[in-house]
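A look at the structure
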Amino acid sequence: MTFEIYHQIGHNGSWNLESITQDKVGDGIIISPRNMNKKAVERLPSSIREKSIFDPQFFNPHQVNKNMQSYGFYPETVMPSGFGTASYVEYADICASECINFQQRLNFRYYVIPTRYTDSISNIDTFIDYQSEHYINPFLQAVAENGSDKEVIIQLVLNGHAIKNEILTTELLNWITSIEKINGVYLVTELAPRGKQIKDPRFLYSLLKFIDALVQNELKVVLGYLNTEAILLSIASPSIVTIGSYENVRIFRSETFDNEKRDMRSPRPRIFIPNLLDWVNVEFIELLIMEFPEYKRYLGDNTYTDEILSPSYNISGVKIPYKHFFVESSKQLKRISQLEGAERAIKVCQTIESAIREHARLREAGIMLDDADHLNSWLTAANLFMKERGWRS
């Protein structure tokens, strides 16, 4: 089955909206209330909203920023003395009703049932009971009271330990498939520690198997907060994969949802090069083109490439590199999306293998980019998954 490409909205979300409306890149957006206040979301055109997914972001119920306060349905603002775990159950119906009413009124694509982030699941029964009492049951009741037949997806945030625990993921799968009126899962994963790319093949292999198990149970799967590994995860046939601008919407980190101010440094300018399946420091671009003229073409054919290559262009801190990424990554993903099953998996493996060879060619020429270890991990995970599915011996 084909998959759709959604923009994961974060800081400077107008860039994503411009990419959709002007460049025709992407099928929809995932809205972040942490970055867009209520009025900003209400001002979105109905044509955008009806293709949007609203992520309530209940990850840290103790903390809400100014944008989130504008919605009026977060536990920290609804409860008279602020959020308290022991007493939240008394207010869960209110939060759920207000959140679902907002999602209904603005006619988003799905109802999303949020979740609270937990860094460990020590007891699966306790986890399920907590999620059911605080989120699943109140939100499903609110959906029923709205009388809408809109599809419902539940949010699930799992860390690397959980994903790699096959007993745990099987129990989670049994729980999810037992919930009536649920049509899909909005899956977010956190792997810590990690660099800019995922280099843990066991994590990726386990994640592919879990996505596949959800799909085999006829659930829609929305994969949030993805970096370039979206192309790899596509072989498990998710319904939606995501692209984003800044790293904090391409890599989920729970600490992002703390209100504590952190050292916010401007990101080092990097450019996505499709045939390398990676972002490359901008300082290398001119050198690459000088040594290998074909790299001007490899950067991609879009309206932003000439701007990036212009000697007078100051790339630091502006939107062009990200809009270039939106265009080129979506091209790559759309081509993959037209394939299915083993055919898609084979094509993805060929793409990864080609990127590995290209990194090796550059190293042999003396150009030492960031290591491409992540590609070996991706290929290992893909090979194991294909073997699991019977697509290779």
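Described below are features of the structure shown in this document. Every chain is numbered on its own, with residues counted from 1 as its sequence reads. The model is predicted, so local features are restricted to residues of pLDDT at least 70 and side-chain atom pairs to those at 80 or more, both for listing and for counting; the totals for chains, interfaces and linings are taken over all residues. Computation of side-chain values: all heavy atoms of the structure, hydrogens and water removed.

Notes on the pattern of salt bridges
We define a salt bridge as a side-chain nitrogen of Lys or Arg found within 4 Å of a carboxyl oxygen belonging to Asp or Glu. In the structure shown here, the tally under the stated rule is 13 salt bridges. Residue Lys 319 is joined to Glu 18 by a salt bridge in which the shortest nitrogen-to-oxygen separation is 3.2 Å. Taken together, the residues span a long stretch of sequence, with Lys 319 in the loop between helix H14 (305–309) and helix H15 (320–337) and Glu 18 in helix H1 (residues 14–21) at a distance of 301 residues. Two residues, Glu 18 and Lys 323, come together in a salt bridge whose shortest N-O distance is 2.9 Å. Residue Glu 18 is located in helix H1, and its partner Lys 323 is located in helix H15; the two are separated by 305 residues in the primary sequence. To sort residues, take the accessible area from a 1.4 Å probe on protein chains only and compare it with the maximum for the residue type: under 20% means buried, over 50% means exposed, and anything in between is partly exposed. A relative accessible area of 3% places Lys 323 in the buried class. Connected via shared salt-bridge partners are Glu 18, Lys 319 and Lys 323. Strands are runs of DSSP state E lasting at least two residues, helices are runs of H or I lasting at least four, and both sets are numbered from the N terminus onward.

Some thoughts on the layout of surface pockets
Quantified by volume, the second largest pocket comes out at close to 300 Å³. Along the wall of the second largest pocket there are 12 residues; nearest its centre are Ile 285, Glu 286, Ile 308, Leu 309 and Ser 310. Contributing elements (two or more residues each) for the lining of the second largest pocket: helix H12 (283–291) and H14. When residues of the lining of the second largest pocket are assigned to their parent elements, the largest contribution, four residues, is made by H12. When residues are sorted by character, Ala, Val, Leu, Ile, Met, Phe, Trp, Tyr, Cys and Pro go into the nonpolar class, Asp, Glu, Lys and Arg into the charged class, and all the rest, Gly among them, into the polar class. Its residues assigned to classes, the lining of the second largest pocket shows eight nonpolar, one polar and three charged. Buriedness for pockets is judged along seven lines, at least five of which must meet protein on both sides within 12 Å for an open set on the 1 Å grid over protein atoms alone, while cavities are sets there where a 1.4 Å probe fits but cannot get out, and lining residues have an atom within 4 Å of a point. Grid points are joined across faces, edges and corners, and a volume is the space filled by probe spheres set on the points.

Considerations on the packing of helix H9 (residues 166–178) against helix H10 (residues 201–216)
Whenever a helix is involved, its axis is fitted only over the stretch in contact; in every case the axis is a line through C-alpha atoms, and angles between N-to-C directions fall within 0 to 180 degrees. Viewed as axis vectors pointing N to C, H9 and H10 meet at an angle of 20°, and their least axial separation amounts to 11 Å. By the angle between their directions, the pair H9 and H10 is classed as roughly parallel. You can see that H9 and H10 cross each other, and the crossing is right-handed. Judged by residue contacts, Glu 166, Thr 169, Leu 173 and Ile 176 of H9 engage Lys 209, Phe 210, Ala 213 and Leu 214 from H10. Among the residues making up the contact of H9 with H10, the classes are represented as five nonpolar, one polar and two charged. Every angle not falling under 35 degrees, over 145, or within 65 to 115 is termed oblique; those three ranges are roughly parallel, roughly antiparallel and roughly perpendicular. Each crossing is labelled by how the near helix is turned from the far one, with a counterclockwise turn of less than a right angle marking it left-handed and a clockwise turn marking it right-handed. Contact between two residues is taken to exist if any of their heavy atoms lie within 4.5 Å; hydrogens are not considered.

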